[in-house]
Every structure is written in C-alpha cells, then in structure tokens.
Amino acid sequence: MKRTVATLLLGMGAFSAAGHAFAQEQEDEPHELDVVVVKGEKVERSLQDTVSSVAVLSSVQLEEKNIITLGNVFDQIANVTETYPGAGFTIRGVSNRNVSGGGASGLATVFLDGAALPDAYITGAPTDMWDIDQVEVLRGPQSTLQGRNTLAGAVIINTVKPTYDWDLRGRVTHTDHRSQTYSIAGGGPIIEDQLAFRVSAEYKNDKGFVQNVTRNTEENAKELSSGRIKLLWEPESIPELTAGLSYSHSKYDGGYMFSYSRADVDDVYNRRIDLSDEANTFKRDSDFASLNLSYDLNDVVTLNSITAWSSEDISATYDLDYTAKPQNYGGIDESYETFSQELRANYETERLTGLVGLYYSNRERPFVDTSLSNVVTPVGTISALLQGGGVDQASADALAALYAADLPIIPVDYRGVGFFKTENYALFADGTYAVTPKLDLLAGFRYDYEEFTQTAVSTTDFVGTYPDPADYGAPGSAFYNAIIGINAGVAGLVASAEGSVLGNEPRTFEAFLPKAGLTYHWTDDLSTAFLVQRGYRSGGSTYNVARASVVPYDQEYTWNYEASLRSSWLDGRLTANANVYYTDWKDQQVTVYFGLNEYDYNTVNAGKSTLYGAELDTSYRVNDELNIYGSVGYSKTKFDEFELDKGTIASDLTGTEFAFAPHWTSSIGGHYETSSGYFADISANYRSSQYSTVAADQALGKVDGRVVVNANAGYDADTWRLSVFVNNVFDEEYLQYYQVLTSRVMVGDPRVVGVTLGFDF
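Residues numbered from 1 in each chain as written. Predicted model: local features only at pLDDT ≥ 70, side-chain atom pairs only at ≥ 80, totals over all residues. Heavy atoms only, no water.

1. A closer look at the pattern of salt bridges
Worth spelling out the cut-off: Only one rule defines a salt bridge in this text: a Lys or Arg side-chain nitrogen within 4 Å of an Asp or Glu carboxyl oxygen. Burial classification: accessible surface area is computed with a 1.4 Å probe over protein chains only, and a residue below 20% of its type maximum counts as buried, one above 50% as exposed, and the rest as partly exposed. Helix and strand assignments follow DSSP, with helices taken as H or I runs no shorter than four residues and strands as E runs no shorter than two, numbered in order from the N terminus.
Counted according to the given criterion, the structure contains 27 salt bridges. In this structure, the salt-bridge partner of glutamate 41 is arginine 45, at a minimum N-O distance of 2.9 Å. On the basis of relative accessible area, glutamate 41 is assigned to the buried category, the value being 6%. Among the ionic pairs, aspartate 113 bridges to lysine 230, the shortest N-O distance being 3.6 Å. In this pair, aspartate 113 sits in the loop between strand E7 (108-112) and strand E8 (115-116) while lysine 230 sits in strand E16 (residues 222-233), placing the two residues 117 residues apart along the sequence. You can call lysine 230 buried: its relative accessible area is 9%. When salt bridges with common partners are traced through the structure, they connect Arg92, Arg139, Glu562, Glu615 and Asp617 into a single cluster.

Written out as structure tokens, the structure is:
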C-alpha cells in the first residue's frame, strides 16, 4: 500500500505542477531561458527538436542535485535504473550487461567525449560526475548512429572543455559512513586565443556498507583515483580547424564490483554481512585517450574525426560458495585494448541537415581464468554406471553411497586461457529534410560488418584424494575393481572439461540498419514525430566449460516503433516531452544453464520478445528562484518464445519478464535558490518491483518497489559553496537484487548524511 500511495503522489506531483502552470496567468515579461542542446546524435540540436527519447543533465544540474556518480544520474531519469551500483544499468528494462547475461558484448554503451568505453571502464571513475559538462541518456536503439552495443540505448558524457580564461575549482566531500572525496580542476590559456589546457583529478575512499565477518574486514570498501588532461587548439593560421586532445588515467582498488550480503540473517538491512573466506576483490587500471578534430570546409560542410584508444588491466578474485568454508573460489586476469576511428562529414543547409560517416574499431581481450570448484559427487550417475556394468540396483545404490561418503565432493582445479578479438567496420548516414516549413522527413542507415575471433584453452586437474579400492575389498574382488572403475569415471568427468579452440577463422557478421520517420511542427512550440528503426547486435561464440565445446550463436535484431511529442508553453517556462515505443526483438541472445553442473552454460539464441512503454519528462520554471521537474516512465518486457530442451533441463520460459525491468519509474523534485545565495534541492524517485533473474518461477527472486528521497541545501557565495546533503532521507529499506539459490542479496544504500565544501575562482 505504501508503494502504491508513493507512486500516486509522485505522478500527481508531476502532473499537478504542469496543470498549475497552465492555469496560472503570466504577467511578467518573457523569461530568457537556456536552450538545452543535445550532442549525442552527432548533430547539435535543441532538446525540443530531438525526436529520440533523451534526458539531459547539465553541469549546473549535476551540482544542484549533488549528483556524484553515474548511478545518481540514472535515478533522475524515467525508464532508466541502476542494477549493480557502479557497474550496471537498464534502459527501458534492458540491461547494459545483457538480458540474462547472453552475448559477448553489451546492449548499452557509455561514450566519453565521443568515444565508446568498454563495459568494465564504467566501474567507478572516470564516469563519476566531477568536471563534467553534460550527460545525455538516449533511450531506445541507437544502432544507426552509435553502432554496436547500443541496441538498448546509449549514455553520452562530455567533460568540461579548456577555455582561454583562467579558472580553478575544487571540492571536498565527507559523509557519516566514512567516505571521503577530494576533487580539483582548472586550466587556462597557453597561447592566448589559440591553445588552452585543462586538468582535473579526483580521489575517493569509501568503506562501503557490507562487513565480512569471516575475514573481519569491509567487504565492499573501495579506493578510486582518476586524472585527466585536455588540450584545445584553434590555430590562428587555420581558423577553420578546432582540435581537442584528452587523456585520462584511472584506478579502482576494492571489493568485487558485485558485492552481496547474506539473506539468511535476521534484519538483513542492518546486518549486512558476508561469510566468504576467499577475498572478493576487483582491481582496474585504465588509460583512455581521444583526439577530436573539426574542420569547417565551407559554410555547409564540416569534417570531423574522432580517434580513440583505451587500455584496461583487470584482476579479480571471488568466493564461489559464499561461505566460510574453503571450498570454491576463483580469479580472473584480463585486459582490454581498444582502438577506434570515426570520420564524419556534417552538412547543414536551409532545408537539409545531416551527416555521413565511416567507422572502424578493433578490440582485443586476452584473459586467464582460474578456479577451484567442489562438484558434488553424482551418486545417481555412479549407480547407473554400475548397473550398466551388470551390478544389481540395490548393490549399485549401496556402493555409490559408500563412495560418496568417502568422496562427498570432487575438487577440480580449472584454468582457462583465451583471447577475443573483434573488428568492426561501418558506413552510416543520417539526415533531416524539411519538405515544408511544418513537415520534416527523417532518414538514416548503417551498414555494419564485424569479424569475431576466439581462442580458448582449458585444463582441469583433480586435486583431491581418490578412495582406496583396498578399503572396499581384496585386490581383484568385484568391489575392488568397481572402485577402480568409479575412480576412472571421476577422472574422466574432470578431464571432460578440458578442451581448446584455435580460432583460426573468424566468424563474420553483417547487417543493414535503416531508420525512417517524419516530424510535424504544429506550432513553433509543439511538434509530433514518428520513427521506425532497426537495432542490432552481432553474434559470436561462447565456451561451455562442462562440455568442453565452443557454441556459436547468431545475430539478434530489433524493430523499434516510436512516437514522440515535444511541447513548450508559457514562453518556454514549461516543457512537456513524451515518447511512446514498441519493440519487436528476435533471435535474442541469452545465457542458459543446462544442468550438468555449475559450468554447464553458454549463450543461445533463445527466441523472441516484445517491449513497449512510454516516458514523460516535464520541467517548469516557476520564477527566477524556483524550478520544478518531474518524469514518469512505464516499461513492459516479455519473452514471447523462450523454450529450453537440452542437457538435463527442459523448461518453457515463455511469458517471463526481463531481469531488472521494473514496470514503473518516476522522479519529482524542485530546486530553490535565492539571489542572496541560499539554495535547496529535494527529489524523490520511485522504482516499482522487479525480478532478479529470468527463471520459470520469477517470483522467488522478486524485490519490492521503493521510494528514495534525497535532499541538498546550502549557501553559494560565488567563490565558495557549502552544502549539506542527505541521501535516502527516510532510510528506506529495499533490495536491489535477490539471488535465491545462494541466499544472497544486494541491499540498497541506507541513509547517508554528508557535507561538501567547494571553491571556484
């Protein structure tokens, strides 16, 4: 009941603000308001002229709302939610880390200064919101313009550019949960009006909220650091040229990026404990560089080039049994090296605007995966093998039980060494043609070609002690020989997980991704549009450890149908924008477990699904001091065909929903700031219940909805700023994730109180 009332209040708040705005008579002079410019579609246009569903947060809004992380951004946006804090999110119910984990690449990508980041790069800095100019979240397929890994959407982050004016800013943040953040940024001219620089740095130390009672340490404490330097060159001798160079380095050292606590304890919200005897750690060392060139060929055409390179070294360790017993544990060492090049020509005439471009990327990922696993001795399998050798059922059952008593688990030492390489080539175009002053035609396409290469070698060793046949009978006796045979069978079971894939021949994929639509401008402040576009993710192959086999899977496609409304009222003080969508998804890539053992899984094309929903975003500038904003989103996901019949599992998951796909999300808030410098910002965001996994009985992993209220207030004296913030004001108790089989949960953050002192010269 509390959740229902909260949802109604949030929805009523957003709409009552809009209704009040329409009813109020405006007697003031027309109000000058900043125009929100969207840059993520590679053409700068106003938010009101953008057909795609996009939410934008400026640097001012990031500061006003005390937005520190990318996860805080997602809380502000309808139909966007954070899944794993700092590492995962969903757009319209589709996880960036894949639906049910399938596929070798993501479904939503984060772009920093125009270049795509690998998935692991978004864990912590440099995607924290320090020295950021603007963040855009594009909801829905972006495959035509952004390419691979954007079937669900894209997140566009643009950092602050160098200027020819000297500036220096910084801030220090402390919280009551032993978290400290220190940030600084600044820059200025090197050559007046021609060459400028900017540097920024941030350090964060966070103790987290989960305690490991076995190892007596903080389970998810982390330490993050990042630094960035940017150069802007606008040579006087070549006035048509603008060049921007950016280099970032970041480190993450702490608990594993997915940190859980036990569900089988009293008061899980106040006793956030982990029992793992093996350390759950995650370390990342990353470098990222990009070069952006822009050249005005003439008044119509601008040439653009974006060159990007990134390198990541990652190491992690994790407990696999989640208990205090030294049973199952593992680790991984991997690296990513990515190079990309985009060449683009943007053109703009009175009636035609658009672009045409070429794209190339190369990503390589070598890895070493190790683990020690204890597989439960398969009593039934052993008995069946004995019966197949002529032993009667009663004797076979008894002997198998005795064997399992001596060897209850089979300890297996696993090591996998592999290499993935993906090369991507694309030709793309996008444009808008004004047929009449009121009617625009929209069109675009992308031809995408990809080569995927995989090499993998796995070895396994039995690291326990086999039962002694002499303990079961004299040498040469039937029982003695039976135990020898069972030991050989266990050895064969362990060895069956060994295998290799040479990967000499790459798998190739190609796709044509069209886009078409139209916009009708009813007035200068009111327009509607309809757009159809195709989304895509390439295929690949996965390695099933249990079966020592490489399993290929094919491409997946979506058709997305979307209608939009853009409206501005009361001299621009009120905006109300909405999108309604329907998506048809075929040949979906999902990870499926087949039941032989815990390693018996791989990616398959599981069938098809549908998605539909809507978003409404509103903002109302009441006066120079008060701004009210709100948004609400509805999203429905469903597998239309998802039947499994392989190995020891046969099930029909048709009708189930995606994991981490709440039906309703909403946000409402307001910002008040006086001319004397005092300010206050308060917001509430709602997420309805959601499932934690894709399973035949999803209700077992269902987590309830929640309402989280955040507040930030203080004083801004132009050169310095002091604020006190409270996140989760009412200490709402909620779960992000519930893994039933292992009795683990990911608990939402409790109330956090903090203070921030900043300066700006």
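2. Re empty space enclosed by the protein
Put simply, the rule is: A 1.4 Å probe that fits but cannot get out identifies a cavity on a 1 Å grid over protein atoms alone, an open set with protein on both sides within 12 Å along at least five of seven lines counts as a pocket, and a residue lines either if it has an atom within 4 Å of a point. Grid points are joined across faces, edges and corners, and a volume is the space filled by probe spheres set on the points. Each residue gets one label: Ala, Val, Leu, Ile, Met, Phe, Trp, Tyr, Cys and Pro are nonpolar, Asp, Glu, Lys and Arg are charged, and the others, such as Gly, are polar.
Evaluation of the coordinates by the stated rule reveals nine cavities of 30 Å³ or more. Space inside the second largest cavity adds up to approximately 340 Å³. Along the wall of the second largest cavity there are 29 residues; nearest its centre are Phe111, Ala116, Ser340, Tyr359 and Ser361. For the lining of the second largest cavity, the elements supplying multiple residues, two or more each, are E7, E8, helix H4 (143-146), strand E21 (301-319), strand E22 (329-348), strand E23 (352-376) and strand E24 (409-434). When the residues that make up the lining of the second largest cavity are grouped by side-chain class, the tally is 11 nonpolar, 12 polar and six charged.

3. Overview of the side chain of serine 564
What counts, and what does not: Residue contacts are counted whenever heavy atoms from the two residues lie within 4.5 Å of one another.
Its place among the elements puts serine 564 in strand E31 (residues 556-569). If we ignore the near neighbours within four places in the chain, the residues touching serine 564 are Val51, Ser527, Thr528, Ala529, Ala578 and Asn579.

4. Thoughts on the sheet that holds strand E5 (residues 89-91)
Selection criterion: In this analysis, strands are considered paired if DSSP registers two or more bridges between them.
Sheet architecture is open: three strands sit in the order E4-E5-E6, paired in antiparallel fashion. Looking at which strands have only one partner, the edges of the open sheet turn out to be strand E4 (80-82) and strand E6 (94-95). The sheet contact formed by E5 and E6 spans two bridges and is antiparallel. Each residue of the ladder has a partner; that of threonine 90, found in E6, is serine 95.

5. Quick notes on the confidence of the model for the chain
Counted only if it meets this: pLDDT measures how confident the predictor is about each residue, on a scale from 0 to 100.
Confidence in the prediction of the chain, expressed as mean pLDDT, is 88, and 92% of residues score 70 or more. Within the chain, the element-level pLDDT minimum falls on helix H1 (residues 2-23), averaging 40, and the maximum on strand E42 (residues 706-716), averaging 97. Between residues 1-31, whose pLDDT stays under 50, and residues either more than four places distant or in other chains, the model counts 41 contacts.

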